[in-house]
Amino acid sequence: MSAVKLPQPAPSAAAICTLRGSVLTLAILTLVTFSYISLKSLRSPSLLSPPSTDPTPLTVQPLQRQVSYDADASNAENTEEDGDGNGGGDDDVYHLPKVFRLNYGEMERRFKVYVYPDGDPNTYYQTPRKLTGKYASEGYFFQNLRESNFVTDDPDRADLFFIPISCHKMRGKGISYENMTVIVHDYVESLISKYPYWNRTLGADHFFVTCHDVGVRATEGVPLLVKNSIRVVCSPSYDVGFIPHKDVALPQILQPFALPAGGNDLENRTTLGFWAGHRNSKIRVILARVWENDTELDISNNRINRATGHLLYQKRFYRTKFCICPGGSQVNSARIADSIHYGCVPVILSNYYDLPFNDILNWHKFSVILKEKDVYQLKEILKNITQEEFAILHNNLVKVQKHFQWNSPPVKHDAFHMVMYELWLRHHVIKY
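Below is a short write-up of the structure. All values reported here derive from a predicted model rather than from experimental measurement.

### Considering the overall build of the protein chain
Now for step 1: If you tally the helices and strands in the protein chain, you get 16 helices and ten strands.
Now for step 2: For the protein chain, with 432 residues in total, the buried portion stands at 48%.
Now for step 3: Excluding contacts between residues fewer than 6 apart, the proportion of contacts in the protein chain whose partners are at least 24 apart in sequence is 70%.
Now for step 4: Roughly 22300 Å² of accessible area belongs to the protein chain as shown, and the carbon and sulfur atoms make up 56% of that amount.

### Concerning the packing of aromatic side chains
Now for step 1: In this structure the tally under the stated criterion is 32 aromatic pairs.
Now for step 2: Note on Tyr195 and Tyr197: the rings are 6.0 Å apart at their centroids and 25° apart in plane angle, and the pair reads as stacked. Each of the two residues, Tyr195 as well as Tyr197, counts as buried.
Now for step 3: Joined through ring pairs, the aromatic side chains of Phe111, Phe141, Phe142, Phe150, Phe162, Phe207, Phe416 and Trp424 make up one cluster.
Now for step 4: Its end group placed over the ring of Tyr177, Arg217 keeps NZ or CZ at 4.0 Å from the ring centre.

### Things to note about the sheet that holds strand S3 (residues 206–210)
Now for step 1: In space, the five strands of this open sheet follow the order S1-S2-S3-S4-S5, with parallel pairing throughout. Looking at which strands have only one partner, the edges of the open sheet turn out to be strand S1 (113–115) and strand S5 (248–249).
Now for step 2: Of the strand pairs in this sheet, S3 and strand S4 (residues 230–233) are connected by four bridges, and their pairing is parallel. For Thr210, the partnering residue across the bridge sits in S4 and is Val233.
Now for step 3: Of the strands in this sheet, S1, strand S2 (160–162), S3, S4 and S5 are in contact with helix H16 (residues 415–425), which crosses S4 at around 160°.

### As for the state of the cysteines
Now for step 1: One pass over the structure, following the stated rule, counts two disulfides.
Now for step 2: A sulfur-sulfur separation of 2.1 Å characterises the disulfide bridge that pairs Cys323 with Cys344. Its torsion about the S-S bond being 105°, the disulfide of Cys323 and Cys344 is classed as right-handed. Within this pair, whereas Cys323 is found in strand S8 (residues 320–326), its partner Cys344 is found in the loop between helix H13 (335–342) and strand S9 (345–349), the two being separated by 21 residues in sequence.
Now for step 3: Cys323 gets classed as buried once you look at its relative accessible area, which sits at 1%.
Now for step 4: Indicated for the protein chain is the disulfide connectivity 1-2, 3-4, based on numbering the bonded cysteines in sequence order.
Now for step 5: The cysteine Cys325 is free of any disulfide, with Cys323 supplying the nearest cysteine sulfur at 6.6 Å.
Now for step 6: A relative accessible area of 2% means that Cys325 is categorised as buried.

### Observations regarding the pattern of salt bridges
Now for step 1: Across all of its chains, the model carries 16 salt bridges by this definition.
Now for step 2: Here Asp118 ties to Lys194 by a salt bridge, and the two come within 2.9 Å at their closest N and O atoms. One end of the pair, Asp118, is in the loop between S1 and helix H5 (136–147); the other, Lys194, is in helix H7 (residues 177–194), with 76 residues separating them in the sequence.
Now for step 3: Asp294 is the salt-bridge partner of Lys379, the closest N and O atoms lying 3.0 Å from each other.

### Observations regarding the nonpolar core
In summary, soluble globular proteins display a tendency toward joint burial of nonpolar side chains.
Now for step 1: Among the nonpolar cores identified, the biggest contains 82 residues, and Phe141, Phe207, Phe322, Met420 and Leu423 are the most heavily contacted of them.
Now for step 2: Examining the composition of this core, we find that eight residues originate from one element, H16, more than from any other.
Now for step 3: When residues of this core are assigned to domains, at least three fall in each of domain 1 (97–254 + 410–427) and domain 2 (266–404).
Now for step 4: Not counting chain neighbours up to four residues away, the residues in contact with Leu423 comprise Phe111, Phe141, Leu160, Phe207, Ile230, Val232 and Val248.

### Thoughts on the pairing of S3
Now for step 1: For S3, a buried count of five out of five residues is recorded, marking the element as mostly surrounded by other parts of the structure.
Now for step 2: Because side chains alternate across S3, one face comprises the buried residues His206, Phe208 and Thr210, and the other comprises Phe207 and Val209, equally buried.
Now for step 3: Direction of pairing for S2 relative to S3: parallel, over a ladder of two bridges. In the strand pairing of S3, Phe161 is matched with His206.

### Here's the deal with the pairing of strand S6 (residues 271–276)
Now for step 1: Across the six residues of S6, six count as buried, placing the element largely inside the fold.
Now for step 2: Sheet analysis places S6 next to S8, joined by three bridges and oriented parallel. Along S8, the bridge assignment pairs Phe274 with Cys323.
Now for step 3: Relative to strand S7 (residues 297–300), S6 runs parallel, the two being bridged by four bridges.

### A short note on the side chain of Asp338
Now for step 1: Its place among the elements puts Asp338 in helix H13.
Now for step 2: Buried charge without a partner: Asp338 forms no salt bridge, and the closest opposite charge is Arg335, 6.3 Å away.
Now for step 3: Apart from residues lying up to four places away in sequence, Asp338 is in contact with Leu254, Phe257 and Phe317.

### Focus: the sheet that holds S6
Now for step 1: Strand order across the open sheet formed by five strands is S7-S6-S8-S9-S10, with parallel pairing between neighbours. Only two strands of the sheet have a single neighbouring strand rather than two, namely S7 and strand S10 (368–370). Sheet twist, expressed as the average angle between the axes of neighbouring strands with direction ignored, equals 20°.
Now for step 2: The sheet contact formed by S8 and S9 spans five bridges and is parallel. The partner of Cys323 across the bridge, within S9, is Pro346.
Now for step 3: Its contacts with the sheet put helix H15 (residues 387–400) on S8, S9 and S10, and the angle it makes with S9 is roughly 95°.

Analysis parameters
- Residues numbered from 1 in each chain as written.
- Predicted model: local features only at pLDDT ≥ 70, side-chain atom pairs only at ≥ 80, totals over all residues.
- Heavy atoms only, no water.
- Helix = DSSP H or I, 4+ residues; strand = E, 2+ residues; numbered from the N terminus.
- Buried < 20%, exposed > 50% of the residue type's maximum accessible area, 1.4 Å probe, protein only.
- Contact = heavy atoms within 4.5 Å.
- Areas by Shrake-Rupley, 256 points an atom, 1.4 Å probe, with all protein chains shown as cover.
- Phe/Tyr/Trp six-rings, centres within 6.5 Å; stacked < 30°, edge-to-face > 60°.
- Lys NZ or Arg CZ within 6 Å of the ring centre and 35° of its normal.
- Pairing = 2+ DSSP bridges.
- Axes fitted to C-alpha atoms, helices over the stretch in contact; angles between N-to-C directions.
- Disulfide = S-S within 2.5 Å.
- Salt bridge = Lys/Arg side-chain N within 4 Å of Asp/Glu carboxyl O.
- Core = buried A, V, L, I, M, F, W, Y, C linked by side-chain atoms within 4.5 Å.
- Domains from an automatic or database assignment.
- Lys, Arg positive; Asp, Glu negative; His and termini not counted.

Interpretation in functional terms is not warranted from these geometric data alone.
Set out below in structure tokens:
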């Protein structure tokens with residue numbers, strides 16, 4: 001006898017509701033759980049808190065080495081810079097003193113320059129015309145480079161290549177500007193055809209030095225010399241052919257100085273401001289017209305006659321607080337270096353002047369930089385500088401004197417080494 005299958009009773013409506021309620025409850029619990037986990041994750045410190053400034057393990061060691069190296073460089077600077085243990089006290093005149101010290105040391109160890117041997121030294125090449133006068137800076141650079149350890153006879157070791165043609169020597173031999181341009185062009189073209197080095201960078205690792213303003217114009221016959229090569233010039237103006245960040249401002253220094261360096265003599269400086277010179281620019285004409293009869297500013301509309309006293313012009317620097325330095329036929333003036341040497345705070349009154357070493361030295365710490373239109377308020381501006389502020393400017397000025405001095409042979413941190421440092425900062429070029 002077969003078993004009889006009994007019919008299954010249909011689930012009741014209450015059971016169905018209970019099941020649906022359980023599923024819904026489980027879904028709600030799951031949603032709440034995930035929401036809680038997500039919120040907890042979002043509230044974790046790693047996401048809500050600002051990112052940690054502590055270096056990661058990969059950067060800790062390099063940073064520690066850098067700090068240690070900085071300290072060593074600082075100690076070396078303190079004991080070697082001036083020989084009196086006061087090197088560290090100069091930090092406030094530099095934008096980045098530790099970086100400067102590190103890079104300067106690296107430059108001394110590694111920087112090499114190849115000087116093209118072509119050209120007769122008795123004409124326009126290789127050697128300076130003289131080491132005196134307004135354009136002495138050009139001559140000193142030519143001579144100092146030969147006296148230094150930067151020169152290499154192996155062009156494959158060279159970071160930069162020097163084009164040793166002197167526009168100052170050409171000018172001394174009566175060469176016109178037109179012929180000067182032709183001579184520079186032909187000389188550079190001869191180097192390009194004879195050697196492979198120019199063509200590896202189209203001249204980007206080559207440099208040219210001139211202090212005479214016609215020397216800047218003489219390079220215009222070689223477009224790539226203007227566009228790519230580094231031009232080291234005494235008349236670096238933003239509104240002409242000078243290219244900032246590529247070219248280098250060469251300080252115009254009239255050497256030898258007639259009198260010793262001034263400084264640390266605040267009590268002797270009783271004259272507010274001083275200028276005497278030729279009226280060969282618009283700003284100088286205005287300066288003389290507005291202030292030559294003033295009782296507090298010592299302004300002369302021409303150079304001081306030597307017959308009135310021996311070295312009277314130079315001696316005026318010693319007793320003046322602020323020496324006015326307006327641009328002349330060019331933006332630059334040897335008066336700036338004179339002011340620094342004699343301890344008189346220079347007042348730069350020349351628009352668009354790319355001041356020497358301005359990416360290294362903070363000129364606002366040892367000079368007063370004005371726009372030419374400020375000439376009408378000159379006395380008010382200078383009188384508003386307190387004695388305490390002047391003392392700081394003056395003390396900082398003494399610290400930078402060594403950078404505006406040429407020597408033969410060159411010495412550490414002098415004008416030659418500062419120019420070489422500027423070149424070192426520009427030497428990274430890809431050679432093809």
